[in-house]
Amino acid sequence: MKKIIFLFVISISIVGCQKAEKKEEVKKPEIKLFALEGGSILVKKLEVFSQDTTYTGQTKQFANAYYVISHPKGNLMWDAGLPEQLVVDEPFHEPSGVFAIKRPDSLVNQLASIGFKIEDFKYIALSHHHFDHTGHANYFKDATWLVQENEYNFLAGDSTKVNPAIKNLTTKVKTLNGDHDVFGDGTVIIKSMPGHTIGHQVLYIDLGLEQPVLLAGDLYHFEENRATRGVPSFNYNVEQTLESMDKFEAFAKEKNANVFLQHSPADFERIKKYVNQK
Ligand SMILES: [Zn+2]
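Residues numbered from 1 in each chain as written. Predicted model: local features only at pLDDT ≥ 70, side-chain atom pairs only at ≥ 80, totals over all residues. Heavy atoms only, no water.

A short note on the nonpolar core
Item 1. Core analysis: the biggest nonpolar cluster contains 28 residues, and Ile69 and Ile205 have the highest contact counts within it.
Item 2. Elements with a contribution of two residues or more to this core: β1 (32-43), β2 (60-71), β3 (74-78), β6 (121-125), β10 (188-192), β11 (201-205), β12 (213-215) and α6 (265-275).
Item 3. Once residues within four sequence positions are removed from consideration, Ile205 is found in contact with Ile31, Leu33, Ile69, Thr187, Val188, Pro212, Val213 and Leu215.
Item 4. Among the nonpolar cores identified, the runner-up in size contains 20 residues, and Leu111, Phe116, Ala143 and Ile166 belong to it. (Core = buried A, V, L, I, M, F, W, Y, C linked by side-chain atoms within 4.5 Å. Buried < 20%, exposed > 50% of the residue type's maximum accessible area, 1.4 Å probe, protein only. Helix = DSSP H or I, 4+ residues; strand = E, 2+ residues; numbered from the N terminus. Contact = heavy atoms within 4.5 Å.)

Brief notes about the sheet that holds β6
Item 1. The eight strands lie next to each other as β4-β5-β1-β2-β3-β6-β7-β8, forming an open sheet whose pairing is mixed. Bordering the open sheet on either side are β4 (92-93) and β8 (173-176), each of which pairs with just one other strand.
Item 2. Sheet topology places β1 next to β2; ten bridges connect them, and they run antiparallel. Looking at the pairing, Ile41 lines up with Phe62 of β2.
Item 3. Contacts from helix α3 (residues 149-157) reach β7 (144-148) and β8 within the one sheet, and its direction differs from that of β7 by about 95 degrees. (Pairing = 2+ DSSP bridges. Axes fitted to C-alpha atoms, helices over the stretch in contact; angles between N-to-C directions.)

Section: unusual backbone geometry
Item 1. A positive phi angle is found at Asp79, which is not glycine, with a value near 70 degrees.
Item 2. Mapping Asp79 onto the fold places it in the loop between β3 and β4.

Some thoughts on the side chain of His200
Item 1. Mapping His200 onto the fold places it in the loop between β10 and β11.
Item 2. Given the relative accessible area of 1%, His200 is considered buried.
Item 3. Within the structure, His200 has its side chain in polar contact with the backbone oxygen of Met193 (distance 2.9 Å).
Item 4. Engagement of the side chain of His200 in a polar contact is seen with the backbone nitrogen of Asp218, the distance being 2.9 Å.
Item 5. Once residues within four sequence positions are removed from consideration, His200 is found in contact with Ser127, His128, Glu151, Ser192, Met193, Pro194, Ala216, Gly217, Asp218 and Leu219. (Polar contact = N/O pair within 3.5 Å; in protein donor to acceptor, adjacent residues only side chain to side chain.)

A closer look at the coordination of the zinc ion
Item 1. For the zinc ion, every protein donor is listed as Asp132 (OD), His133 (NE2), Asp218 (OD) and His263 (NE2), and the spread of their distances is 2.1 Å.
Item 2. One can describe the site at the zinc ion as irregular: its four donor atoms subtend angles covering 89 to 157 degrees at the metal.
Item 3. If you list the donors of the zinc ion from N- to C-terminus, the spacing comes out as D-H-x84-D-x44-H. (Donors = N, O, S within 2.8 Å, 3.2 Å for Na, K, Ca; no water. Tetrahedral: all angles 85-135°; square planar, octahedral: opposite > 155°, others 65-115°.)

Some details on the confidence of the model for the protein
Keep in mind that low pLDDT regions are not for reading the predicted coordinates in detail.
Item 1. Residues at a pLDDT of 70 or more form 89% of the protein, whose mean pLDDT is 90.
Item 2. Below a pLDDT of 50 lies the segment residues 4-20, which in the model reaches zero contacts outside its immediate sequence neighbourhood of four places, other chains included. (pLDDT = per-residue confidence, 0-100.)

Topic: the packing of aromatic side chains
Item 1. Throughout the structure, instances matching the rule amount to 15 aromatic pairs.
Item 2. Ring geometry for Tyr123 and Phe183: centres 5.7 Å apart, planes at 70 degrees, overall edge-to-face. In this pair, Tyr123 sits in strand β6 while Phe183 sits in the loop between β9 (180-181) and β10, placing the two residues 60 residues apart along the sequence.
Item 3. Judged by relative accessible area, Tyr123 falls into the buried class, the value being 14%.
Item 4. Aromatic side chains Trp145 and Tyr152 sit 5.7 Å apart centroid to centroid with 65 degrees between the ring planes, which places their arrangement in the edge-to-face category.
Item 5. For Tyr152, a relative accessible area of 26% puts it in the partly exposed group.
Item 6. Each member of the aromatic cluster is reached from another via a ring pair, and the members are Phe49, Tyr55, Phe62, Phe99, Phe131, Phe222 and Phe234. (Phe/Tyr/Trp six-rings, centres within 6.5 Å; stacked < 30°, edge-to-face > 60°.)

Notes on the sheet that holds β11
Item 1. If you trace the five strands from one edge of the open sheet to the other, you get β9-β10-β11-β12-β13, paired in mixed fashion. The strands lining the two open edges of the sheet, one partner per strand, are β9 and β13 (258-260).
Item 2. As paired strands, β12 and β13 are joined by three bridges and run parallel to one another. Across the sheet, residue Val213 finds its bridge partner in β13, namely Asn258.
Item 3. Contacting β12 and β13, α6 runs over the sheet at an angle of about 135 degrees to β13.

Examining the pairing of β1
Item 1. Sheet topology note: the β1/strand β5 (residues 99-102) ladder contains four bridges and is antiparallel. Looking at β5, one finds that Leu42 is bridged to Ala100.

Digging into the pairing of β7
Item 1. Most of β7 is tucked away, with five of its five residues classed as buried.
Item 2. On β7, burial covers both faces: Thr144, Leu146 and Gln148 on one face and Trp145 and Val147 on the other are all buried.
Item 3. In terms of strand pairing, β6 meets β7 through three bridges, oriented parallel. Of the residues in β7, the one forming a bridge with Tyr123 is Thr144.
Item 4. Bridge count for β7 against β8 is four bridges, and the pairing is parallel. The residue of β8 that forms the bridge with Leu146 is Lys174.

Printed below as a string of structure tokens:
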């Protein structure tokens, strides 16, 4: 009899374990990330990406990616590429003489290629408000804009600073004061990293791959910037940028994150391969 009871207890605990394991599996959300081409930027005067003369006389080709994050609780658009008016054959040489910019395709076409529509998005978040990150943002007037409060106030406080590409993002705004767990389960986290602009932010995404993804926004524009802690001439605050770099690197290390620079052509190719492992 003792033996029978013993076996009974064992079998109950095995069933219990299986149930617990099953529950664990159900809990893990299915998250996907798509990296899309929001245009390309030829930097004709690379010296603007330094506080000194390091890059004088140099040019560099930048990628300009934006990202779709699909989560069971909603979809998030991270950054919004270059303006759609640039979807023409010839690049546009903007008046300052620093950049030649173009965009390969419209948002609607690009979303359709991955099975999405504009209405499918619950959230939009921008690393910051510069023109190369806000191109198609106005389409997302029905999504909630996740923006640092100081970035929002900066834009709202002086009409001359308002970027027309985000003028429709007024009905649903969630202002943030620091880091924000977008879906409340730790898988997609906006990290406050000010300095490039007053409310610049980066994005952490745990896709369940070997390493979580960390999108750097414009904390770094290219690999050398990261290696040498280079700060562009046009940043809002140099000291804050350097502090954010320290914070970013410590966080990346803590999470063993796979870091991607959003303007790096090599990282654009690398992230597409990395997320396709799923
Ligand atoms: Zn940028």
